[in-house]
2 protein chains.
Amino acid sequence: KVEDGNDVSEINDAFNRAKDESTKPSLIIVKTLIGYGSPNKQGKASAHGEALGVEELEATKKFFEWNYEPFEVPEEIKNLTTQFRMDGIAREKEWKSQTGLYQKAFPDLFKEFEDWFSNMDYSKILLEDHDFWKFEKPMATRIASGLLINRLADVMPNLIGGSADLAPSNKTNISNKGDFSAENRAGGNLHFGVREHAMSAIGNGIQVHGGLKVFVSTFFVFTDYMKAGMRLSSIMKLPVTYVLTHDSIGVGEDGPTHEPVEQLAALRSMPGMTVFRPADAHETAAGWYLAATKKDGPVALILTRQTLPLYEETGVEALKGAYIINKSLETKTIPDIILMASGSELKLVIEAAATLAQEGIVARVVSVPSFELFDEQEETYKEEVLPSSVTARIAVEAGSSFGWHRFTGLKGRVIGLDRYGASGKAESLFEAFGFTAENVISVSKEILKA
Amino acid sequence: KVEDGNDVSEINDAFNRAKDESTKPSLIIVKTLIGYGSPNKQGKASAHGEALGVEELEATKKFFEWNYEPFEVPEEIKNLTTQFRMDGIAREKEWKSQTGLYQKAFPDLFKEFEDWFSNMDYSKILLEDHDFWKFEKPMATRIASGLLINRLADVMPNLIGGSADLAPSNKTNISNKGDFSAENRAGGNLHFGVREHAMSAIGNGIQVHGGLKVFVSTFFVFTDYMKAGMRLSSIMKLPVTYVLTHDSIGVGEDGPTHEPVEQLAALRSMPGMTVFRPADAHETAAGWYLAATKKDGPVALILTRQTLPLYEETGVEALKGAYIINKSLETKTIPDIILMASGSELKLVIEAAATLAQEGIVARVVSVPSFELFDEQEETYKEEVLPSSVTARIAVEAGSSFGWHRFTGLKGRVIGLDRYGASGKAESLFEAFGFTAENVISVSKEILKA
């Protein structure tokens, strides 16, 4: 406890004691007076919420015996600054000499250290890694994500991450890494406990420190508890990966409190956050590729609890954010209608398009794993995928329709969920809320008739 | 501490001790085994995340010696249920006789008690209260809100509320009510401390209990810390009022961490939450009218720090969610372009429309304080305000454009803020980010040319 916050040596002592403490964290409490030195505002709320103002600033300077013009730097301060700089140069030299010795003694370890701290680019390695992208059967995207985390860990030794007490459900365990703890600093699995906000803050801290590549995980609906931390990842452009499973009413029996509805809109509207909701294991690999290689911001992977089909055409093209599926089935240049979907709903529009084709209606199927990645594409590509001349458009997503009208327009329709979910089996809920191929077909016909 | 969670009498004792404690809260810790009684799943995570399954359920029933068919209710339980019901009837009779005596002794107090707990309808009183709606000069909507809270408190004696340590900035103080505390249970001002999540939970609790009408308040950007609590207000349809000030880059010097950008989208996408962002003091009165009279869900009032003009045409019509301003200036039936805005940006589109008029372009001005209220209107009214034939549409809001395309369509434009803010004076930031009448005019011309 520092009794006088203006006593620099007292503060210095506290810091030194904290540095000497090597077994537990230290808390330093510094007693201060808000606006100290301002004769009329110190100790008042106004010293916090408003600028002091010209007159009060003058009076405050007088109190501190600060007899200089604005932006005038006294000689004494200039000299101190020069001294600090010289100290820094000396310390940097010492550091370089030490690491030079280390490099000679342990060249491999030094190389690893450099790779870790230089934010090594894994894009080539991953793109050429056939096994990374390989899946052979339908599975939940959370399961695919679990496999991908382990494939990544084999390639990226500095991958570390974990879950807020839901690892078995989030499928985040790195199987050959052990748990990180005070005793095992080499562990790769972090157990955050039920502390989502702290988890995102810790993720941000690890990424700011550098050296490690971190992912954090919980149920998608619980992002509400760490939105402020996710916002900081975004503002600070920190490449933290958020692994968010149980992504819709597909959660099932736990009911509305555990079923995300508006969380996609909340994250998509957050500047700097890249939201990626894959439709199958291939797209999940694209999502993890993005997360592993992106260096200037966070990525949120939105994953299902329930099993999804495995498509043939999906994969690395998902990185364009939105792309055409089943293009070969389009029997004319300009389709009659565009059916968009993300994640678990892709299968509904694929099914609907097939049925519509039998009735002579050409429906284009567009998989939309990421709004943000699509926004980054060239205008010509966007126009190719979503031709302006086609105003009959439907978007299907088991979540709030909020935000989708950007792609569907005034004449299109969004089959979304603008209410809270219910408790029941995933299949029953999808059917009850209109997430069926039949409903997509009937809405398509409605639009085409109008 | 209850050592055996299956010992009912031990639990009963704990409850009785908690009831006897009248000066502080009690914490009862009950030791249990998850899935107790299931021979193969007790103590395992699977007993939490999955249904037991037919066989294991059978085995568990055996353990409990429960020899009944599904949905068969044994005689003993039936009798107990009847007994509970009879006890309840007796207690209700006793309550009614007691309150009858109270009503005779204190008729006025009993009337007040009934008004409070019957969720009395204030709509007629407020609509006819000329002073409630009266404003005479430009002011920040947070200032208008502060006046309205005090006007309401004069009419609604059961109004109670407060802020998460920001009352002087949020303008939430009820001046003649004093602070609520253990010593002053009649106080009307709650001091929540910097605990936004707890504040929203307390608000929900007060509203569930009934009798009081509660509002809670903080800076708009800090809703990120209580999103989960606001979601519960929405799911549970609790009429908690959220007073959220400092609603945009207009916050100014505190910079991006304190400037809401995506928070409007986050709340508008939340089913059941009514978001209301007034453009002046008159619309703020409409917002508070809504908050005071709505019984089936929360209302979020989104208010400025900075001063806004006072318009003549604004007022109770704002309850339609979106409505035409300056209709008399429209010189043809169908306008050339529609300019929409909410809150502080309304003045920009009013100014732009005036300039465009001089150049012979008829721009309709639509004030949009609430998406949700507009959604509730008849289709004919919606078509009247936003005629489908007019595809030249601009929406202006100093926040994420996410969600506005529903009204602007594929051919319209949103002048929004799809990045984080910056530190600076409100006026400088509005200008730097394109929130000026000039920019609205130039985008209008661009659209009309296309």
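Computed from a predicted structure; not experimentally measured.

Scoring rules and cut-offs
- Residues numbered from 1 in each chain as written.
- Chains lettered and ligands numbered in written order.
- Predicted model: local features only at pLDDT ≥ 70, side-chain atom pairs only at ≥ 80, totals over all residues.
- Heavy atoms only, no water.
- Helix = DSSP H or I, 4+ residues; strand = E, 2+ residues; numbered from the N terminus.
- Buried < 20%, exposed > 50% of the residue type's maximum accessible area, 1.4 Å probe, protein only.
- Contact = heavy atoms within 4.5 Å.
- Areas by Shrake-Rupley, 256 points an atom, 1.4 Å probe, with all protein chains shown as cover.
- Lys, Arg positive; Asp, Glu negative; His and termini not counted.
- Charge placed at Lys NZ, Arg CZ, Asp CG, Glu CD.
- Buried area = accessible area lost by both parts, 1.4 Å probe.
- Salt bridge = Lys/Arg side-chain N within 4 Å of Asp/Glu carboxyl O.
- Pairing = 2+ DSSP bridges.
- Axes fitted to C-alpha atoms, helices over the stretch in contact; angles between N-to-C directions.
- Arc of directions from axis to C-beta.
- Core = buried A, V, L, I, M, F, W, Y, C linked by side-chain atoms within 4.5 Å.
- 1 Å grid on protein atoms, 1.4 Å probe; cavity = no way out; pocket = protein on both sides within 12 Å on 5 of 7 lines; lining within 4 Å.
- Points joined across faces, edges and corners; volume = space filled by probe spheres on them.
- Nonpolar A, V, L, I, M, F, W, Y, C, P; charged D, E, K, R; others polar.
- Expected span 1.5 Å × (residues − 1).
- Polar contact = N/O pair within 3.5 Å; in protein donor to acceptor, adjacent residues only side chain to side chain.
- Parallel < 35°, antiparallel > 145°, perpendicular 65-115°, else oblique.
- Left-handed = near helix turned anticlockwise from the far one by under 90°.
- Least-squares fit on C-alpha atoms with pLDDT ≥ 70 in both.
- Phe/Tyr/Trp six-rings, centres within 6.5 Å; stacked < 30°, edge-to-face > 60°.

**Q** Can you walk me through the overall build of chain A in this structure?
**A** Helix and strand content of chain A: 19 helices and 13 strands. With the C-alpha coordinates of chain A rotated into their principal frame, the extents come out at 85 × 60 × 45 Å. When the 450 residues of chain A are sorted by exposure, 50% land in the buried category. Considering only residue pairs separated by 6 or more positions, chain A has 71% of its internal contacts joining residues 24 or more positions apart. Accessible surface for chain A amounts to roughly 22,500 Å². Of this, 54% is attributable to carbon and sulfur atoms. In chain A, the 48 positive side-chain charges and the 63 negative ones have mean positions that sit 1 Å from each other.

**Q** Can you help me understand the interface of chain A and chain B in this one?
**A** Interface size is commonly expressed as the accessible area that is lost once the parts come together. Counting residues at the interface gives 39 residues for chain A, matched by 39 residues for chain B. Interface area lost by chain A to chain B is led by R231(A), F402(A) and Y420(A), which between them contribute 25%. Linking chain A with chain B are four salt bridges, by the criterion used here. A salt bridge links D224(B) to K227(A), with the shortest nitrogen-to-oxygen separation between them at 2.8 Å. Counting only elements with at least two residues in the side of chain A that touches chain B, the list comes to helix 11 (227-235), helix 12 (263-268) and helix 17 (405-408) of chain A.

**Q** I keep staring at the sheet that holds strand 10 (residues 337-341) of chain A and nothing clicks. Help me out?
**A** Backbone-to-backbone hydrogen bonds join strands into a sheet, with any given pair of strands oriented parallel or antiparallel. Residue and element names in this part refer to chain A. Strand order in the open sheet formed by five strands is 9-11-10-12-13, with mixed pairing between adjacent strands. Both edges of this open sheet fall to strand 9 (323-325) and strand 13 (413-415), since each of them pairs with a single strand only. Looking at each pair of strands side by side, their axes are set apart by 30 degrees on average, direction ignored. Note that strand 9 and strand 11 (residues 363-367) share three bridges and pair antiparallel. Its bridge partner lying in strand 11, I324 is registered against V366.

**Q** For this particular structure, what's the right way to read the side chain of E372(A)?
**A** Residues and elements named next belong to chain A. Tracing the chain through its elements places E372 in helix 15 (residues 371-375). One buried charge, E372, has no salt-bridge partner; the nearest side chain with opposite charge is R268, at 5.5 Å. When near neighbours in sequence (up to four residues on either side) are disregarded, E372 contacts R268, M273, T274 and V275.

**Q** Sorry if this is basic, but what is going on with helix 3 (residues 54-63) of chain B here?
**A** Along an α-helix, a turn takes 3.6 residues, which lines up residues three or four apart on a common side. Residues and elements named next belong to chain B. Listed as buried for helix 3 are E56, T60 and K61. One side of helix 3 holds all its buried residues, which, seen down the axis, span an arc of 145 degrees. Away from the buried face of helix 3 by more than 90 degrees, exposed residues V54, E55 and K62 are located. Immediately downstream of helix 3, the backbone of E65 shows phi near 55 degrees, a positive value.

**Q** Whenever I open this one, the nonpolar core confuses me. Can you help?
**A** Nonpolar side chains in soluble globular proteins generally cluster together in the buried interior. Residues W288(A), L339(A), F435(A), W288(B), L339(B) and F435(B) are the most contacted members of the largest nonpolar core, which totals 163 residues. Once you skip the residues sitting within four places of it in the chain, L339(B) turns out to touch V349(B), A352(B), A353(B), L356(B), A363(B), R364(B), V365(B), V366(B), I394(B), V440(B) and S444(B).

**Q** Please clarify how the pattern of salt bridges should be interpreted in this entry.
**A** It is possible for side chains bearing opposite charge to pair when their charged atoms get close. For the coordinates displayed, the defined rule picks out 38 salt bridges over all chains. In this structure, D115(B) engages K111(B) in a salt bridge whose closest nitrogen and oxygen atoms are separated by 2.8 Å. One end of the pair, D115(B), and the other, K111(B), are both in helix 5 (residues 107-117), four residues apart, so they sit about a helical turn from each other. Among the ionic pairs, K445(B) bridges to E359(B), the shortest N-O distance being 2.9 Å. Within this pair, whereas K445(B) is found in helix 19 (residues 437-449), its partner E359(B) is found in the loop between helix 14 (346-358) and strand 11 (363-367), the two being separated by 86 residues in sequence. Exposure remark for K445(B): the relative accessible area of 31% places this residue in the partly exposed category. Among the residues examined, E359(B) registers a relative accessible area of 45% and is labelled partly exposed. In the salt-bridge network here, residues are joined through shared partners; they are D247(A), R268(A), R277(A), E345(A) and E397(A).

**Q** Can you walk me through empty space enclosed by the protein in this structure?
**A** Summed over the entire model, instances satisfying the criterion amount to one cavity of 30 Å³ or more. Put simply, the largest cavity is a space of about 40 Å³. Lining the largest cavity, in full, are T223(A), D224(A), K227(A), M230(A), Q263(A), A266(A), L267(A) and K227(B). Counting residues per element, the lining of the largest cavity draws most heavily on helix 12 of chain A, at three residues. Grouping the amino acids of the lining of the largest cavity by side-chain chemistry returns three nonpolar, two polar and three charged.

**Q** Explanation requested: the pairing of strand 2 (residues 159-163) of chain A in the structure shown.
**A** On a regular strand, each side chain points to the face opposite its neighbour's, so the side chains alternate between the two faces of the sheet. Residues and elements named next belong to chain A. Of all the five residues making up strand 2, five are buried; the element is thus mostly covered by neighbouring parts of the structure. Side chains L159, G161 and S163 project from strand 2 onto one buried face, and the interleaved I160 and G162 project onto a second face that is buried too. In terms of strand pairing, strand 2 meets strand 4 (residues 213-219) through five bridges, oriented parallel. Bridge pairing links I160 to V214 in strand 4. As judged from the three bridges shared by strand 2 and strand 3 (residues 189-191), these two strands associate in the parallel manner. Of the residues in strand 3, the one forming a bridge with G162 is L190.

**Q** Help me understand the sheet that holds strand 10 (residues 337-341) of chain B in this model?
**A** All names here are of chain B. Taken together, five strands build an open sheet; the order of strands is 9-11-10-12-13 and the sheet is mixed. What marks the edges here is a single partner per strand, and that holds for strand 9 (323-325) and strand 13 (413-415). In this sheet, neighbouring strand axes are inclined to one another by 30 degrees on average, regardless of whether the strands run parallel or antiparallel. Where helix 14 meets the sheet, it contacts strand 9, strand 10, strand 11 and strand 12 (393-396), and its direction lies at approximately 165 degrees from that of strand 11.

**Q** Honestly, helix 13 (residues 281-293) of chain A in this entry has me stumped. Any pointers?
**A** All names here are of chain A. In this model, helix 13 (13 residues) spans 18 Å end to end at C-alpha, consistent with the 18 Å of a helix rising 1.5 Å per residue. Across the 13 residues that make up helix 13, a large majority, 13, are buried. Residue D280 occupies the N-cap position of helix 13, its side-chain oxygen lying 3.2 Å from the main-chain nitrogen of H282.

**Q** Looking at this structure, how should I read the side chain of H246(A)?
**A** Relative to the helices and strands, H246(A) resides in the loop between strand 5 (241-245) and helix 12. If near-sequence neighbours (up to four positions away) are discounted, H246(A) is found in contact with R142(A), S169(A), F219(A), F220(A), V251(A), P260(A), L303(A), T304(A) and R305(A).

**Q** When you look at the packing of helix 8 (residues 141-155) of chain A against helix 13 of chain A in this model, what are you seeing that I'm missing?
**A** Between two packed helices, both the angle of their axes relative to each other and the distance between the axes serve to describe the pair. Residue and element names in this part refer to chain A. Two numbers describe how helix 8 lies on helix 13: the axes approach to 9 Å, and their chain directions differ by 45 degrees. By the angle between their axes, helix 8 is oblique relative to helix 13. Every pair of crossing elements has a handedness; the one defined by helix 8 and helix 13 is right-handed. Contact residues: T141, A144, S145, L148, I149 and L152 in helix 8; A281, T284, A285, W288 and A292 in helix 13.

**Q** Explain the relation of the copies chain A and chain B to me, please; I cannot follow it from the model alone.
**A** The operation linking the two copies of the chain is a rotation about an axis combined with a translation along the axis. Its rotation angle being 180 degrees, the transformation that places chain A on chain B also includes 0.0 Å of axial translation and leaves an RMSD of 0.1 Å. Read as a symmetry element, the transformation amounts to a two-fold axis. Looking at the interface residues of chain A, 100% of them are also at the interface in chain B, so both copies use one shared face.

**Q** So what exactly am I meant to see when it comes to the packing of aromatic side chains here?
**A** When we look at a pair of aromatic rings, we describe it by the centre distance and by the angle of the planes. All names here are of chain A. Under the defined criterion, the tally for this structure stands at 41 aromatic pairs over all chains. When the ring of F215 is compared with that of W288, the centres are 5.8 Å apart and the planes differ by 90 degrees; the resulting orientation is edge-to-face. Here W288 lies in helix 13 and F215 lies in strand 4, a separation of 73 residues in the sequence. According to the relative accessible area criterion, W288 is buried, its value standing at 1%.

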